[in-house]
Each structure stands twice: as structure tokens, then as C-alpha cells.
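One-letter residues, chain by chain:
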Amino acid sequence: MTPVAAPPVLPLSEISAVFCLLLILLVPFTGTGLALVNTGLGGARSAAHSILAALCVMAVAALVYVIVGYAWQGAPGHPDHALVVAGKAWGWIAAEPFFLRGRRLDLSPSALTILLQMFSVGLAGLIPLSSGADRWRLGAICASTALLAGFTYPLFAHWVWGGGWLAELGVNCGLGRGFIDGGGSSAIQVVGGLTALSITWILGPRRGKFSAEGMPAALPGHNAVLVFLGCTLAWIGWIALNSAGAILFLSAETGRVVLIAVNTTLCAAASTLGAAVVTRIRFGRPDASLSANGWIAGLVASSAAAAFLKPAAAIFVGGVAGILVVTSADFLEFQLAIDDPGGAVSVHAVAGLWGILAVALLADTGPGRQWIAQLAGVATLLGFVLPLTYGLNWLLDRIYRQRVDREGELQGMDLFELGSGAYPEFDIRGDEFLQR
Amino acid sequence: MKIAGFLLLIAGWAIVVAAVALLPSSGARFGFVFAGVAVELFGLTLAVRAHLVLPAEGE
């Protein structure tokens, strides 16, 4: 195992770098959007807690990533630790200093990557908030985010974006262009979605969610307007995220941003309509929250391949994502008894996995065995990231219980953990859905 | 069952990585990668079953 330097990325012209910087500065809208969606889909008595938790997640993620995370992730062309197998170097973790020491934070691609990743790691941390809504303690949220931002995310992101072994599958093994994910379907969305699955398993369902016979009760979100505002903000941020990712990680020219914006929008549009049609057939009328989830699922699925798809293919990718998110949410709740209030597992993990495979199925990436590279990425997410993130959160739960006390669930997270609610003018303590 | 499920997930990933790194033939590599993913799906099924909530626990 020796530190080796991967080939450097192509430098950006100053105009391209400034354009990329402006795109990156729009990415936090994605976080705002996801925070609003999470809050709207949660209970009214946990709304202030949800928003504060989102801010804490972004704060903890940025701090921990800068202190230790970037040291594990690194960037192409920077030194990393590699295992030599069959004469080829397989980079597995970066060898950068902590606290970004020695890094020039200017308009260079590696500095822009650091800025984008500071935001992206927060996005990954926001995803599990949705699945732990109404029962996840604030302290545990911060600790779990620190584990994600400090180790799980940087390690996988190094493999995909930092010149690690998944990115080098094309060079080392002749597998197409290596594992491709321009906007983070895998490193952001699926990593966050699998962490969300781990959190739902560790926390267990909300009180009153499943009846004595095992039938799930409907615990609807409290504010559809917040959800739809969140979807719109997320859309803006997502276009910027996909575009900046393609420029920095796939060396796409800046002119390709228009295609990426068109494809991202088409994916979201087709996915929303797909979800609305499926819920119309399934329940007799379109479901607002599942259709909104369809919008986010379309954005998630677009991230990996938006730079390579033709518009017609983007519509297909989005349509499938919309169908998947509804059927998956239904299956998880009714068959597997998983209580995921915001649908994070379906929206981010399932749609993200579909987006990764869509690269091999539909994207114009040139000749080569792209399928095997994409499957290797999927296998790594399921076989490495899921056990890792589950194990870390399980250990955390042993040390510091993650689920709130019974009293907290009955009172609502706002009053129990913060001492005041988001809507003080209204009496929202009564809850007809809660079995006392 | 939960531990067995997670061990199978890791084992499936190891099969995929080994196939990609060590097998030169495209056909064999594709077959072993699919086999590894199949092992992972079996492991995921076990992990999911281990986490099924009994009605009494859901209350």
C-alpha cells in the first residue's frame, strides 16, 4: 500500500471556473428544498425541530468535512493510498492533510471541488432526516451526520470522484469510462438513502404507525405548500449540482450545461407525471405527497446521466423513476413494515440506483463495457456502504440512544426537545392519529 | 439472521471486486459480477426479514 499520485484533471479557463463557481453557489437551494420537503411531510408538532435539525446537519457536515472528510476524499491528481492488485494501483483512500492544510482555495478545479463537496455532504446528511422524522433526537442527528460526513461519504466519494478504484475501472480494467456519476446519484443520493434505511431500522416505526394486525396507518404530512415550495427550490439547486458535477468530475464543457438543465427538468417532469398516474390508478385519485416525491426522485435519477442522455431518454429515465418511487414506497410500507415518513429510501436510494444503471442502459458514453463498471458501483453501495453506515449508526445507538423517549413522541419533538413549537398560535397538541 | 444478511452483503461485494480485478475474460467477469450482485440481494432479503416489525413492537 503506497501513496500514489493519480493523473491530474484538466484545468478550467478563468471564465469557465467563474461560471462553475456561480453554479456551485446555487447548490444550497437543493438543501433548502429538501429541508422544506422533509418538514412539510413530517408532523406539525415537529416542524421547528425538523428545520433546526436541517440547519444543524448542514453545519456539522461542513465542519466535519473540512476538518477530516476531505482528507479521506481528496481529488484526482492528489496523492492517495493504493493497493496494488494484478499490477494495477487501486486507490482506496486519499492521503490529504486535515483542516485543508496546504490547499489553495482559488478558482482551481480542486478548490471548486472542495466547495461543491462541502455542500454535497450536507445534502447527503439531510436525506436520513426525512426517514427519522418525529422520533430522532437532535443530538443523535448531529452525531450520525458527523459519522457520515467524516467517513462514509468521503470514502465512497474518493472511489467515485477522487481518483479512486471505481473511477479508474476504465483505465485499469477496460470497463468503459469507469464508474460514471456526474451529479451524485450514488455518492450523495444512494449513500444518503441507504443511511436513511439504516436509521429507519435502528429507530423503528413511529408510535401508532402499525396496528396490532400489522396494518400501517396513514400519518399524513402537515404542510403540502412547504413540500411544493421545496420541490421548486430543489429543482434550481439540482440543475446547478448536476452541471457543476459534470464540469468538475466528467470534464464536460460549459456549453453542455443547457443539455444538463433540459435533461434534469425532463426527468423531474416525467417522474412527477409517472407518479401521479400510478397513484391515480392505484388509489383512484392522484396523491400529492407521492407526486411531489416523484419530482424529487426524477431529479435524483437524473444526476448520474444528465450530461450524456438524449432528451427522449431523459423522459424515459424520469418516467421509470416516478413509477419506481410509488411502487417502492408502497412495498416498503405494506410488505416490509418500514416507516419512512418522507419516503427517503424510495426517493433517494431506489431512484438513485436506477439512475446509476440508466447510465449503462441509455447514456451515450462511447464504446466499452460500461455495464460492469456501473454494476460494480451498485454492488459497492449495497455490499459496502450499507453495512458500513448501518454498523456505524448501530454502534452510535449503543453509546447514545438515537430514538426519543415515549414522552417525546407524545408531546412532539418541538416541545420536548426545543421547548416551543413552530406554530405557537395554534393548539396542535391533539393528534387524532396518535394512540395514547 | 441480521448478521448473516450483512455478511452476505459484504461477501457479494467481495465477489464483484474480485471478478473485476482478477478475471481477464469479459464473459466470466460479467457472470461473476451478476453472481455477486445476486448474493447481495439474498443478503439484503435476510437483513430486511430480520428487521420486520412485529405488530406488538410497532405500538
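Scope of this entry: the structure provided in the associated data block. (Residues numbered from 1 in each chain as written. Chains lettered and ligands numbered in written order. Predicted model: local features only at pLDDT ≥ 70, side-chain atom pairs only at ≥ 80, totals over all residues.)

This part covers the overall build of chain A. A tally of helices and strands in chain A yields 15 helices and three strands. Taking the principal axes of its C-alpha atoms as reference, chain A extends roughly 65 × 45 × 40 Å. Long-range pairs, those at least 24 residues apart, make up 80% of the contacts in chain A between residues at least 6 apart in sequence. (Helix = DSSP H or I, 4+ residues; strand = E, 2+ residues; numbered from the N terminus. Contact = placed C-beta atoms within 7 Å.)

Turning next to the overall build of chain B. Helix and strand counts for chain B stand at three helices and zero strands. In chain B, the succession of helices and strands from N to C terminus is α-α-α. Considering only intrachain contacts with a sequence separation of at least 6, the fraction spanning at least 24 residues in chain B is 66%.

What follows is about the interface of chain B and chain A. Facing the 24 residues of chain B at the interface are 28 residues of chain A. When contributions to the side of chain B that touches chain A are tallied by element, the ones reaching two or more residues are α1 (2-22), α2 (26-50) and α3 (55-58) of chain B. For the side of chain B that touches chain A, the class distribution of residues is 16 nonpolar, five polar and three charged. (Nonpolar A, V, L, I, M, F, W, Y, C, P; charged D, E, K, R; others polar.)

Further remarks concern the pairing of strand β3 (residues 88-94) of chain A. All names here are of chain A. The buried count for β3 comes to five of seven residues, which makes it a mostly enclosed element. In this structure, strand β2 (residues 79-85) lies alongside β3, joined through six bridges in antiparallel fashion. Residue His-81 lies in a different strand from β3, and its bridge partner there is Ile-93. (Buried ≥ 20, exposed ≤ 12 C-beta atoms within 10 Å, placed from the backbone. Pairing = 2+ DSSP bridges.)

With that out of the way, let us pick up the environment of Gly318(A). All names here are of chain A. Residue placement: Gly-318 occurs in helix α11 (residues 311-334). Take Gly-318: there are 34 C-beta atoms within 10 Å of it, and that puts it in the buried class. Taking the C-alpha atoms as reference points, Gly-318 and Trp-235, 83 residues apart in sequence, are found 14 Å from one another. Excluding residues that lie within four positions of it along the chain, Gly-318 makes contacts with Leu-266, Cys-267, Ala-268, Ala-269, Ala-270, Ser-271, Gly-274, Gly-298 and Ala-301.

Our focus in this paragraph is helix α4 (residues 109-131) of chain A. An α-helical segment advances 3.6 residues per turn. Residues three or four places apart therefore align on the same side. Between its first and last C-alpha atoms α4(A) spans 34 Å; for 23 residues at 1.5 Å apiece the expected length is 33 Å, and the two agree. With 20 of its 23 residues buried, α4(A) lies for the most part within the structure. (Expected span 1.5 Å × (residues − 1).)

A word on the packing of helix α7 (residues 185-203) of chain A against helix α13 (residues 370-399) of chain A. Residues and elements named next belong to chain A. Interaxial distance between α7 and α13 falls to 9 Å at its minimum, and their mutual angle equals 45°. The angle between the axes of α7 and α13 places the two elements in the oblique class. Once α7 is placed against α13, the crossing between them reads as right-handed. Facing α7, whose interface residues are Ser-186, Val-190, Val-191, Leu-194, Thr-195, Ser-198, Ile-199 and Ile-202, α13 presents Gly-377, Leu-381, Val-385, Leu-386, Thr-389, Tyr-390, Asn-393, Trp-394 and Asp-397. Each residue belonging to the contact of α7 with α13 can be placed in one class, and the counts come to ten nonpolar, six polar and one charged. (Axes fitted to C-alpha atoms, helices over the stretch in contact; angles between N-to-C directions. Parallel < 35°, antiparallel > 145°, perpendicular 65-115°, else oblique. Left-handed = near helix turned anticlockwise from the far one by under 90°.)

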